[in-house]
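The lines below spell out each chain.
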Amino acid sequence: FRTVTIGKWVTASEQQIAANLFFDALCDLMDILQVPEKVISLNNSLSLAFGSGGRKHSSAHYESNRKLLALAKNAGGGALAHEWFHAFDHFICSKLFVDTQPHQFASECWLADKKIKPHPLNQKLSDCFEAIFLDHTKTQPNNYVERSVQADKILKSLYYALPQELSARAFEASIQDHEIKNAFLVQGTKQSPEAKLGIYPQHSLRKTICQNLLDYFYHLGQAIDK
């Protein structure tokens, strides 16, 4: 990683525990996605923070302007996969699309129908976003998107239906469904209050999204290892 920052209130023993949790979770993510280390660190561009630079009411977050993934000391467990995909979504944007701005995410650019750079890997990633956002007609939002919009209406907010949030939740659901289990990496996509709101992909759609994402990352890993 580019940098790793530890909060001043994190004790030495807590640092070691956190280091072990991060290491195990990120190694499990490497195994699930079948990618090398440079994918997980986003080619050494990603920074990590633990117990430092937190946001109020947030156990974890990704800051695109600093390319920083931050987890709170006592509440960030289970959010790592979600935040990592935010970082990946941001990192891959300029590789996927012809004309982008530094703050943009690939998921939002895909929904905005920006021009994709021709490449087999880019087509596979586009297929992932198509499965996350669209129904079988490929012209209308699917029921996952519609449930997320409804959740926002109930909560009088605009959060769950944001393209980058839809994508990150779809990714974490795919990671939790894998046979490799790690509660620090991901949890809460099945039985949590949020899951019961319907804001995660369900049933056959969930399986399709998972297959597409794992296929994309497998081929990304193969391409990088050559």
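Our structure's up above, just so we're on the same page.
Here's the deal with the sheet that holds strand E4 (residues 68–71)
By way of backbone hydrogen bonds, the strands of a sheet pair with one another, either parallel or antiparallel.
Turning to step 1, where the next piece is worked out: Spatial ordering of the open sheet is given by E1-E2-E4-E3, a layout of four strands whose pairing is mixed. Strands with a single pairing partner mark the edges of an open sheet, and in this sheet they are strand E1 (4–6) and strand E3 (60–63). With strand direction ignored, the average angle separating the axes of adjacent strands in the sheet is 15°.
Turning to step 2, where the next piece is worked out: Pairing analysis gives three bridges linking E1 to strand E2 (residues 47–50), with the strands arranged parallel. Opposite Ile-6, over in E2, you have Phe-50 as the bridge partner.
Turning to step 3, where the next piece is worked out: Of the strands in this sheet, E1, E2 and E4 are in contact with helix H1 (residues 12–33), which crosses E2 at around 135°.
Turning to step 4, where the next piece is worked out: Its contacts with the sheet put helix H3 (residues 80–91) on E3 and E4, and the angle it makes with E3 is roughly 10°.

Section: the nonpolar core
Turning to step 1, where the next piece is worked out: Counting residues in hydrophobic clusters, the biggest one holds 59 residues, and the most contacted among them are Trp-84, Phe-171 and Phe-217.
Turning to step 2, where the next piece is worked out: Ignoring anything within four residues of it in the chain, the contact list for Phe-171 reads Leu-29, Leu-33, Ala-81, Trp-84, Phe-85, Leu-213 and Phe-217.
Turning to step 3, where the next piece is worked out: Membership of the second largest hydrophobic core comes to six residues, among which are Ala-151, Tyr-160, Ala-195 and Ile-199.

Things to note about the packing of aromatic side chains
Turning to step 1, where the next piece is worked out: Per the counting criterion, the structure on display carries 16 aromatic pairs.
Turning to step 2, where the next piece is worked out: Pairing Phe-22 with Phe-50 gives two aromatic rings, centres 5.9 Å apart and planes at 90°, and the pair type is edge-to-face. Here Phe-22, found in helix H1, pairs with Phe-50, found in strand E2; they are 28 residues apart in sequence, far enough to count as distant. Summarising the burial analysis for this pair, Phe-22 and Phe-50 share the class buried.
Turning to step 3, where the next piece is worked out: Each residue in the set Trp-84, Phe-85, Phe-88, Phe-171, Tyr-216 and Phe-217 is aromatic and connected to the rest through ring pairs, giving one cluster.
Turning to step 4, where the next piece is worked out: Here Lys-95 stacks its cationic end above the ring of Phe-91, 3.9 Å away from the centre of that ring.

Concerning the side chain of Ser-174
Turning to step 1, where the next piece is worked out: Within the secondary structure layout, Ser-174 lies in helix H8 (residues 163–176).
Turning to step 2, where the next piece is worked out: By relative accessible area, Ser-174 is classed as buried at 3%.
Turning to step 3, where the next piece is worked out: Separated by 3.0 Å, the side chain of Ser-174 and the backbone oxygen of Ala-170 make a polar contact.
Turning to step 4, where the next piece is worked out: Setting aside chain neighbours within four positions, we find Ser-174 in contact with Ile-209, Cys-210 and Leu-213.

Comments concerning the packing of helix H6 (residues 120–133) against helix H10 (residues 203–225)
Turning to step 1, where the next piece is worked out: Direction vectors running N to C along H6 and H10 enclose 165°, while the axes themselves pass 9 Å from each other. Here H6 lies roughly antiparallel to H10, going by the angle between them. The two elements H6 and H10 cross, and the hand of that crossing is left-handed. Facing Leu-121, Lys-124, Leu-125, Asp-127, Cys-128, Ala-131 and Ile-132 of H6, the residues of H10 in contact are Leu-205, Thr-208, Ile-209, Asn-212, Leu-213, Asp-215, Tyr-216, His-219, Leu-220 and Ala-223.
Turning to step 2, where the next piece is worked out: Considering only residue class, the contact of H6 with H10 consists of eleven nonpolar, three polar and three charged.

Overview of the pattern of salt bridges
Turning to step 1, where the next piece is worked out: With the rule as written, the count across this model stands at six salt bridges.
Turning to step 2, where the next piece is worked out: Across the pair Lys-124 and Asp-215 runs a salt bridge whose closest N-O atoms are separated by 2.8 Å. Placement of Lys-124 in helix H6 and of Asp-215 in helix H10 is noted, with a sequence separation of 91 residues between them.
Turning to step 3, where the next piece is worked out: In this structure Lys-124 comes out as partly exposed when scored by relative accessible area, which is 25%.
Turning to step 4, where the next piece is worked out: Two residues, Asp-177 and Arg-206, come together in a salt bridge whose shortest N-O distance is 2.7 Å. Within this pair, whereas Asp-177 is found in the loop between H8 and helix H9 (193–196), its partner Arg-206 is found in helix H10, the two being separated by 29 residues in sequence.
Turning to step 5, where the next piece is worked out: Shared partners join several salt bridges into a network, and the residues in it are Asp-177, Lys-190 and Arg-206.

A few points about the layout of surface pockets
Turning to step 1, where the next piece is worked out: As a volume, the second largest pocket reaches approximately 370 Å³.
Turning to step 2, where the next piece is worked out: Along its surface, the second largest pocket is lined by 17 residues, and Phe-1, Phe-22, Phe-23, Leu-26 and Leu-48 are the ones closest to its centre.
Turning to step 3, where the next piece is worked out: When residues of the lining of the second largest pocket are traced back to their parent elements, those giving at least two are E1, H1, helix H2 (37–40) and E2.
Turning to step 4, where the next piece is worked out: Ranked by residue count, the leading element in the lining of the second largest pocket is H1, at eight residues.
Turning to step 5, where the next piece is worked out: Of the residues assigned to the lining of the second largest pocket, the class counts are 14 nonpolar, two polar and one charged.

About the thresholds
- Residues numbered from 1 in each chain as written.
- Predicted model: local features only at pLDDT ≥ 70, side-chain atom pairs only at ≥ 80, totals over all residues.
- Heavy atoms only, no water.
- Pairing = 2+ DSSP bridges.
- Helix = DSSP H or I, 4+ residues; strand = E, 2+ residues; numbered from the N terminus.
- Axes fitted to C-alpha atoms, helices over the stretch in contact; angles between N-to-C directions.
- Contact = heavy atoms within 4.5 Å.
- Core = buried A, V, L, I, M, F, W, Y, C linked by side-chain atoms within 4.5 Å.
- Buried < 20%, exposed > 50% of the residue type's maximum accessible area, 1.4 Å probe, protein only.
- Phe/Tyr/Trp six-rings, centres within 6.5 Å; stacked < 30°, edge-to-face > 60°.
- Lys NZ or Arg CZ within 6 Å of the ring centre and 35° of its normal.
- Polar contact = N/O pair within 3.5 Å; in protein donor to acceptor, adjacent residues only side chain to side chain.
- Parallel < 35°, antiparallel > 145°, perpendicular 65-115°, else oblique.
- Left-handed = near helix turned anticlockwise from the far one by under 90°.
- Nonpolar A, V, L, I, M, F, W, Y, C, P; charged D, E, K, R; others polar.
- Salt bridge = Lys/Arg side-chain N within 4 Å of Asp/Glu carboxyl O.
- 1 Å grid on protein atoms, 1.4 Å probe; cavity = no way out; pocket = protein on both sides within 12 Å on 5 of 7 lines; lining within 4 Å.
- Points joined across faces, edges and corners; volume = space filled by probe spheres on them.

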